[in-house]
Amino acid sequence: MDLKSQFDKFLADIRLTTSQEAELRDAHRLLRERLNSHATMKGVIIGDFLQGSYRRKTATRPKNDNRADVDIVVVTTLSEAEYTPQQAMNVFVPFLNTHYAGKWEFQGRSIGITMSQVSLDVVVTSAPSEILAKALRAESIRSEAALDEEDWQPSLDWVPSAMRANSLQRAGQTPQWKLDPLRIPDRDAQGWDDTNPLEQIRFTWEKNRQCSGHYVNVVKAVKWWRRINPEPKYPKGYPAEHLIGVCCPNGISSIAEGVTLALEEMVRRYEVDVALERIPVVSDHGVPAHNVLHRLTPADFKVFYEKLKPAAAIARQAFDSDSRETATQLWQKLFGTTFPLGPARGGNNEGGDGGGYSPRGGPTIIPTSGERWG
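The present account deals with the structure reproduced in this document. (Residues numbered from 1 in each chain as written. Predicted model: local features only at pLDDT ≥ 70, side-chain atom pairs only at ≥ 80, totals over all residues. Heavy atoms only, no water.)

**Some words on the overall build of the chain**
For clarity, the cut-off: Secondary structure follows DSSP: runs of H or I at least 4 residues long count as helices, runs of E at least 2 residues long count as strands, and numbering of each begins at the N terminus. Whether two residues touch is decided by their heavy atoms; if any such pair falls within 4.5 Å, the residues are in contact.
A tally of helices and strands in the chain yields 14 helices and 9 strands. Within the chain, contacts between residues separated by at least 24 positions form 65% of all contacts whose residues are at least 6 apart in sequence.

The following block contains the structure:
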């Protein structure tokens, strides 16, 4: 049972609010404007773009009074041969003291800026190759709207639909780039490390397209389940999202189906790792040598896995239930009281007294046109 209207209400209550979206947008735009107009920094910066769950459209509403956050990658001309990670971050200090005095701090791999309503993470990179530097200035990388467009692709001449000369102008004609990793400073390790946020963005865009627009909402729902099941602390954030991405199959036709199949696949796929008391090897997108679970211990992953099993069983019961009342109760058992209960009686279609769900009507078929991002 898909329960589309109940999931729509649930998602409306767990995604960022309109005001939070506006605060994040205003904050990152102001930061980027300040960086690119600063007397010193504008000579150091090659380009900037957004990354993280805000950019990938997988962010959920912050817990309690926590601030919503946004990550900004700042690509620089700083050479790894000339700058240590700490020295590279130090270049930003005069700018930070001018515009964000008392509000910033160095973090292990970024610079955190805490505002009254939002938090900003500035991720500094070293100088990329000339080819990649040219690519990073393209509208397909810098545009905030890029991933909302159905024909987005990381190429030199792609532009958002609002910037096209007419409705017939399509996506760029140049080939998509191979999204090579960038290098970021790691103060704790005292070295530079590979990262590939653009490949993570591309994966998310393609996965969402293959899932008819449901994928990013499946991620939000499962991340919410993790919030109400906070032990163990890890995996959370991007590592948890990555697991959902590799376990959620393409071609899902609803959020309920995606959540059910993703949880079941995680249980199936990692059973042997738990039995052998080891951490699964899950390669990061664009940096295959990185295991996104490297910070976990085998004990942490086992605790996480033991919570996955009953969660997957509850999701399966809810998805297979022919009773709207039973299904909504089961989804609420999984997601907490934020998930709305459905009417106790009535019909089985959307709308009307008994509305609130769409019964399953057969095997999943990949639609020919996608929905927009959630």
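**Describing the pairing of strand E4 (residues 111-114)**
Basically, it comes down to this: In this description, strands pair whenever DSSP reports at least two bridges between them.
As paired strands, strand E3 (residues 104-106) and E4 are joined by 3 bridges and run antiparallel to one another. By the bridge assignment, Glu 105 is partnered in E4 with Gly 112. What sits between the antiparallel neighbours E3 and E4 is a turn of 4 residues. Summarising the sheet, E4 and strand E5 (residues 118-125) pair through 4 bridges and their orientation is antiparallel. From the neighbouring strand, Ile 113 faces E5, where its bridge partner is Leu 120. Counted between consecutive antiparallel strands, the loop separating E4 from E5 contains 3 residues.

**What about the packing of helix H11 (residues 255-269) against helix H13 (residues 298-320)?**
Counted only if it meets this: Simply put, an axis is a line fit to the C-alpha atoms, just over the touching stretch for a helix, and the angle between two N-to-C directions goes from 0 to 180 degrees. Two helices cross in a left-handed way if the nearer one is turned anticlockwise from the farther one by less than a right angle. They cross in a right-handed way if the turn is clockwise. Here the term charged refers only to Asp, Glu, Lys and Arg, the term nonpolar to Ala, Val, Leu, Ile, Met, Phe, Trp, Tyr, Cys and Pro, and the term polar to all other amino acids, Gly among them.
At a minimum axis separation of 8 Å, H11 and H13 run at an interaxial angle of 145°. In this structure, the crossing between H11 and H13 has a hand that is left-handed. Touching Ala 256, Glu 257, Thr 260, Leu 261, Leu 263, Glu 264, Met 266 and Val 267 of H11 are Tyr 305, Leu 308, Lys 309, Ala 311, Ala 312, Ala 315, Arg 316 and Phe 319, all from H13. The residue inventory of the contact of H11 with H13, partitioned by class, reads 11 nonpolar, 1 polar and 4 charged.

**A short note on helix H8 (residues 197-210)**
Along an α-helix, residues three or four apart share an orientation, since each turn contains 3.6 residues. As a reminder, the rule being used: Every helix has an expected span of 1.5 Å times one less than the residues it contains. Remark: exposure states derive from per-residue accessible area (1.4 Å probe, protein chains only) relative to the maximum for the residue type, with buried under 20%, exposed over 50%, and partly exposed in between.
Under the 1.5 Å per step criterion, the end-to-end length of H8 is 20 Å for 14 residues, consistent within 8% with the ideal 20 Å. Counting buried positions over the 14 residues of H8 gives 10, a clear majority of the element. Buried within H8 are the following residues: Pro 197, Leu 198, Glu 199, Gln 200, Ile 201, Phe 203, Thr 204, Trp 205, Lys 207 and Asn 208. Looking at the residues trailing H8, positive phi occurs at Ser 212, about 55°.

Purely geometric numbers; function is a separate question.
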